[in-house]
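Each chain is listed here by its residues.
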Amino acid sequence: MKRRDALRSLALLTGGLVLVPSCDFSKEDILAAYHNLQITPALKQLLADIADSIIPPGEIKGASDLSVQDFILVMVNDCMDENGQQSFMNGLKGFEDFSKKTTGNTFSKLETVQKEELLLAGMTTDAEAERDIRSFLGTAKRFTIQGFMLSEYIQTEVKPYSLIPGDYQGEVLIADIKTDRIHG
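Let me begin by describing the structure that accompanies this report.

What counts, and at which threshold
Residues numbered from 1 in each chain as written. Predicted model: local features only at pLDDT ≥ 70, side-chain atom pairs only at ≥ 80, totals over all residues. Heavy atoms only, no water. Helix = DSSP H or I, 4+ residues; strand = E, 2+ residues; numbered from the N terminus. Buried < 20%, exposed > 50% of the residue type's maximum accessible area, 1.4 Å probe, protein only. Contact = heavy atoms within 4.5 Å. Core = buried A, V, L, I, M, F, W, Y, C linked by side-chain atoms within 4.5 Å. Expected span 1.5 Å × (residues − 1). Polar contact = N/O pair within 3.5 Å; in protein donor to acceptor, adjacent residues only side chain to side chain. Phe/Tyr/Trp six-rings, centres within 6.5 Å; stacked < 30°, edge-to-face > 60°. Lys NZ or Arg CZ within 6 Å of the ring centre and 35° of its normal.

Here we come to the overall build of the chain. Looking only at helices and strands, one finds seven helices and zero strands in the chain. Ordered by position in the sequence, the α and β elements of the chain form the string α-α-α-α-α-α-α. A total of 184 residues make up the chain; the buried ones form 30% of that total. Excluding contacts between residues fewer than 6 apart, the proportion of contacts in the chain whose partners are at least 24 apart in sequence is 59%.

A separate point is the environment of isoleucine 60. As for its placement among the helices and strands, isoleucine 60 is situated in the loop between α2 (41-54) and α3 (68-79). Considered as a pair, isoleucine 60 and valine 158 are 98 residues apart in the sequence and their alpha carbons are 7.8 Å apart.

Let us now look at the environment of serine 53. Mapped onto the secondary structure, serine 53 falls in helix α2. Separated by 11 residues in sequence, serine 53 and serine 64 have C-alpha atoms that sit 9.2 Å apart. Apart from residues no more than four positions distant in its own chain, serine 53 is found in contact with Phe107, Lys115 and Leu119.

Here the focus is the nonpolar core. One finds Phe88, Leu92, Phe95 and Phe136 to be the most contacted residues of the largest nonpolar core, which totals 34 residues. Secondary-structure elements contributing two or more residues to this core are α2, α3, α4 (82-103), α5 (112-124), α6 (131-149) and α7 (152-158). Broken down by element, this core gets its largest block of residues, six residues, from α6. What leucine 92 contacts, discounting residues up to four positions off in sequence, is Ile39, Leu43, Leu46, Leu47 and Phe136.

Over its 14 residues, α2 runs 20 Å from end to end, which matches the ideal 20 Å to within 8%, given 1.5 Å per residue. Each element contacted by the buried residues of α2 is listed here: α3, α4, α5 and α6.

Mapping serine 99 onto the fold places it in helix α4. Only 3.3 Å separates the side chain of serine 99 from the backbone nitrogen of phenylalanine 107, close enough to count as a polar contact.

Taken as a whole, this structure holds four aromatic pairs when the rule is applied. Geometrically, the ring pair formed by phenylalanine 95 and phenylalanine 98 is tilted, given 6.1 Å between the ring centres and 40 degrees between the ring planes. Placement of the pair is phenylalanine 95 and phenylalanine 98 together in helix α4, with a separation of three residues, close to one helical turn. Each of the two residues, phenylalanine 95 as well as phenylalanine 98, counts as buried. Following the ring pairs from residue to residue traces out a cluster consisting of Phe88, Phe95, Phe98, Phe107 and Phe136. The ring of phenylalanine 107 is capped by lysine 115, whose NZ or CZ atom sits 5.3 Å from the centre of that ring. The ring centre of phenylalanine 143 lies 4.5 Å from the NZ or CZ of arginine 142, which sits over that ring.

Here's what the structure looks like:
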């Protein structure tokens, strides 16, 4: 009876020792939800910071409050071709280097005005080496605006959706009709 227990313990110990070298805890985890992209939590946070710089919080919620970065990643993962995905990922991965080269600091440590100036500089750069940065920022801006405007919060609380043609209002003066202004 004791020999069986000893053999079982030895087998478990040997199996455990075989598995330990295959466990690599040194590199950052890759999020599995985006199977075409190699997104780490740090890159996702950087994308959230960029989206929040495009649509910052104020009287209404900002882009990162509505998790627009998830929308961006899903759209890039599901709707773009391989070349577009590769360009997006190259721009996202190279954005911190672009930030350090342009401002001398990482994007998260910059002030709001500096972030806006950096985004503008990245979108208007003509350098061939920074083509992926320009493409990435253009895609991120487009999907940030789209995700923000289509979010449940905007569609229900800020500018409630109503079916066309809407409620019937008999005699109403045109001067009395007020439209919602969500752009400022």
